[in-house]
Amino acid sequence: MLLRFIVNLGQITTSSVATPRAIMLDIKFIRENAEAVQKAAVDKNFEVDIDRLLELDEERRTLLHETEKIRARRNEVASAIPKASNDERPELIAEGRELKEKLSTMDEELHEVQESYESLLLMVPNLPAPEVPIGDDDEDNEVIRHVGEPREFDFEPRSHEELGEHLDIIDKERAIRMAGSRAYALKGAGALLEMAVMRLGMDIMVEAGFTPVIGPLMVNREAMTGTGFFPYGKDDTYHLESDQKYLVGTSEVFLVSLHREEILDPETLPRFYAGKSSCFRREAGSAGRDVRGVYRVHQFTKVEQVAICVADKDKSREIHEKLLGNSEKLMQLLGLPYRVAIACTGETGLGQVIKHEIETWMPSREKYSETHSCSSLYDYQARRSGIRYRDENGETQFCYTLNNTLAASPRILIPILEHYQNEDGSVNVPEALQKYMYGMTVITPES
RNA sequence: GGAGGGGUGGCCGAGUGGACGAAGGCGCUUGAUUCGAAAUCAAGUGUACCUUUACGGGUACCGUGGGUUCGAAUCCCACCCCCUCCGCCA
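Described in the following lines is the structure provided in the data block. In this text, all values refer to a predicted model and were calculated from it rather than measured experimentally.

## A word on the pattern of salt bridges
Part 1 of the reasoning: For the structure on display, the rule yields 26 salt bridges.
Part 2 of the reasoning: For Lys187, the salt bridge is made with Asp168, and the minimal N-O distance between the two is 3.1 Å. Separated by 19 residues along the polypeptide, Lys187 in the loop between strand 3 (185-186) and helix 7 (189-207) and Asp168 in the loop between helix 5 (160-166) and strand 2 (170-171) bring together distant segments of the chain.
Part 3 of the reasoning: For Lys187, a relative accessible area of 24% gives the class partly exposed.
Part 4 of the reasoning: What makes Asp168 partly exposed here is its relative accessible area of 45%.
Part 5 of the reasoning: Between Glu283 and Arg296 there is a salt bridge, and its shortest N-O distance comes to 3.0 Å.

As structure tokens, this is what we get:
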């Protein structure tokens, strides 16, 4: 089985040996469900050796126990010294010195074990929900409903690329000249169209009670690891080397990280956020794929939904449907034909429990293609990010997180342009977008 | 970019080598008082990991990481962040 990602372990740093933080699936859970976890990794197409992890866990705990015993004695000796008589003191100091030596070698060993352990732990995937079909690629996704019908053209429809050029609203040639492959520029009605979709999207979000957020697009490694994009997604992420910052591939990174290392008041849950941001993706390993048009680009704009809720599967599922519903609402307002599918295991990301994709009909591709992705992660991100709440027993619990695309452009412009095109190469503006387009109803080369 | 100041618990704030997981205050919880409340008094009040059937015990955490020491919130080094002034700037 081909591995989806090439893993770079080199730069993962771990938290201190003395205070291991919960950073992944609960190790106790992994211990008790080793087989299921290993199966999840195989089904999801991630390579991780659970047996090795458990071995390291065993070693780690043994060393932890031993070092803690030495530390306890060291503390005892150290506090006895000031009270000791002059006769006793040299002996105690000698013992302390000895303990220090012992501790330093053992600590080093523990450190190494801990580091391997945590690196491995970061790569353990979350378990997919039972209803997720097992499979390798999107061929194995399970379509659960269709909404709308692909348009029957009584003329030869043009691709969005042709339309974009004809209308002079998508300029790839000039953009590529200054920025390289997969670059594009939206001009005139093209730029307005993108902004219109984003504004419509944000209106839906605000009406639904989501808090709009514009957040940092350059973030540190902790935010990337905390949201589960590192270590696996590292190759797909732009790195600003001189500042040790990374460009986010989605506003999910800053929306989830908003509450990093916080204990939230459960009264304030669930929290709903809508982020609007540029998104940056290197698209590593996809050279030569989807090179036509603006389907797969390095930089795009997105309105994203994020929810943080209590650790309850039913509640999470309820919110999942709500997020999905918001996106479908947008699609229906845009009047675009789409279908909804459950992503199979091979298409389900490291932390994802279940993912629904909205796939929109794209005439030029002659198929439904992904425009939205709605994911439940349970406590996967919250563990890594330290987002907790206090339950009714006063115990801290990790929150559950979810996210879904509300609208991503320019990809969403593809079905809009292609679906609403006219025989003369003009494009009708969907009614829902007209008010954000200064009343423009049709895009022509002159408009 | 240059010069200086600073990061301690939910908050404020003390602490410059041992009695400090950390004074004091505020806040919060519980109890006493009260018909009830306020005020007052008393007790409690961080996070995580390891261990234990349990009661409990242990370890770590004073921005982060290293170092010195029998012993570090306290001393040393590096980094991160915040504030003030200067420079530059949408």
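## Considerations on the sheet that holds strand 13 (residues 367-378)
Part 1 of the reasoning: What the eight strands build is an open sheet, ordered 1-11-12-13-16-10-9-4; its pairing is mixed. Only two strands of the sheet have a single neighbouring strand rather than two, namely strand 1 (142-147) and strand 4 (211-213). Ignoring which end each strand starts from, the neighbouring axes of this sheet average 25° apart.
Part 2 of the reasoning: Judged from the four bridges that link them, strand 13 and strand 16 (residues 400-409) form a sheet pairing that is antiparallel. Bridge pairing in strand 16 links Ser375 to Asn403.
Part 3 of the reasoning: Strands strand 1, strand 9 (271-280), strand 10 (299-309), strand 11 (338-342), strand 12 (354-362), strand 13 and strand 16 of the sheet are contacted by helix 10 (residues 313-334), whose axis makes an angle of about 5° with strand 16.

## Observations regarding the nonpolar core
Part 1 of the reasoning: Within the largest apolar cluster, 64 residues are counted, with the highest numbers of intra-cluster contacts made by Ile416, Leu433 and Ile443.
Part 2 of the reasoning: At 10 residues, helix 7 tops the list of elements feeding residues into this core.
Part 3 of the reasoning: Those residues in contact with Ile443 that sit more than four places away from it in its chain are Leu167, Ile169, Ala189, Leu193, Ser426, Val427, Val429 and Met437.
Part 4 of the reasoning: Counting 33 residues, the second largest nonpolar core, distinct from the first, contains Leu53, Ile81, Val124 and Leu377.

## Overview of unusual backbone geometry
Part 1 of the reasoning: Here the bond from Phe230 into Pro231 is cis, since omega is 5°, no more than 30 degrees from zero.
Part 2 of the reasoning: When you line up the elements, Pro231 lands in the loop between helix 8 (221-226) and strand 6 (239-240).
Part 3 of the reasoning: Cis rather than trans, the peptide bond between Ser409 and Pro410 has omega equal to 15°.
Part 4 of the reasoning: Along the chain, Pro410 falls in the loop between strand 16 and helix 12 (413-419).
Part 5 of the reasoning: In this model, Asn45 sits at a positive phi of 70°, which is unusual for a non-glycine residue.

## Considering the protein's contact with RNA strand B
Part 1 of the reasoning: Taken together, 24 residues surround RNA strand B, and among them Ala78, Ile81, Arg97, Arg390 and Thr396 come closest.
Part 2 of the reasoning: By atom count, sugar and phosphate contribute 75% of the portion of RNA strand B lying within 4 Å of the protein.
Part 3 of the reasoning: A distance of 3.3 Å separates a phosphate oxygen of RNA strand B from a polar side-chain atom of Asn75.
Part 4 of the reasoning: Taking Arg97, its side chain carries an N or O atom lying 2.7 Å from a phosphate oxygen of RNA strand B.
Part 5 of the reasoning: Per-element accounting of the surface near RNA strand B gives the leading share, eight residues, to helix 3 (residues 50-80).

## Observations concerning the side chain of Ser373
Part 1 of the reasoning: Within the secondary structure, Ser373 sits in strand 13.
Part 2 of the reasoning: Once you skip the residues sitting within four places of it in the chain, Ser373 turns out to touch Lys355, His356, Asn403, Asn404 and Thr405.

## So, the side chain of Gln381
Part 1 of the reasoning: With respect to the helices and strands, Gln381 occurs in helix 11 (residues 380-385).
Part 2 of the reasoning: Assessed through its relative accessible area of 0%, Gln381 is described here as buried.
Part 3 of the reasoning: Contact partners of Gln381, with chain neighbours within four places excluded, come to Gly226, Thr227, Glu252, Val256 and Thr401.

## A few points about the environment of Ile319
Part 1 of the reasoning: Structurally, Ile319 can be placed in helix 10.
Part 2 of the reasoning: Residue Ile319 is classed as buried on the basis of its relative accessible area, which comes to 2%.
Part 3 of the reasoning: Leaving out residues up to four positions away in the same chain, Ile319 has contacts with Pro270, Phe272, Ala307, Cys309 and Leu402.

## Some points on the environment of Leu200
Part 1 of the reasoning: Considering the arrangement of structural elements, one finds Leu200 in helix 7.
Part 2 of the reasoning: Between the C-alpha atom of Leu200 and that of Ser369, which follows or precedes it by 169 residues, the distance is 21 Å.
Part 3 of the reasoning: Apart from the residues lying within four places of it in its own chain, the contact partners of Leu200 are Leu330, Leu333, Leu334, Ala432, Leu433 and Tyr436.

## Re the packing of helix 7 against helix 10
Part 1 of the reasoning: It is the contact of helix 7 with helix 10, at a shortest axis distance of 10 Å, that shows an interaxial angle of 135°. By the angle class used here, helix 7 and helix 10 are oblique. Crossing of helix 7 against helix 10: the hand is right-handed. For the pair helix 7 and helix 10, the contacting residues are Leu200, Gly201, Ile204, Met205 and Glu207 in the first and Asn326, Lys329, Leu330, Leu333 and Leu334 in the second.
Part 2 of the reasoning: Residue composition of the contact of helix 7 with helix 10, by class: six nonpolar, two polar and two charged.

Rules and cut-offs
- Residues numbered from 1 in each chain as written.
- Chains lettered and ligands numbered in written order.
- Predicted model: local features only at pLDDT ≥ 70, side-chain atom pairs only at ≥ 80, totals over all residues.
- Heavy atoms only, no water.
- Salt bridge = Lys/Arg side-chain N within 4 Å of Asp/Glu carboxyl O.
- Helix = DSSP H or I, 4+ residues; strand = E, 2+ residues; numbered from the N terminus.
- Buried < 20%, exposed > 50% of the residue type's maximum accessible area, 1.4 Å probe, protein only.
- Pairing = 2+ DSSP bridges.
- Axes fitted to C-alpha atoms, helices over the stretch in contact; angles between N-to-C directions.
- Contact = heavy atoms within 4.5 Å.
- Core = buried A, V, L, I, M, F, W, Y, C linked by side-chain atoms within 4.5 Å.
- Near = heavy atom within 4 Å.
- Polar contact = N/O pair within 3.5 Å; in protein donor to acceptor, adjacent residues only side chain to side chain.
- Parallel < 35°, antiparallel > 145°, perpendicular 65-115°, else oblique.
- Left-handed = near helix turned anticlockwise from the far one by under 90°.
- Nonpolar A, V, L, I, M, F, W, Y, C, P; charged D, E, K, R; others polar.

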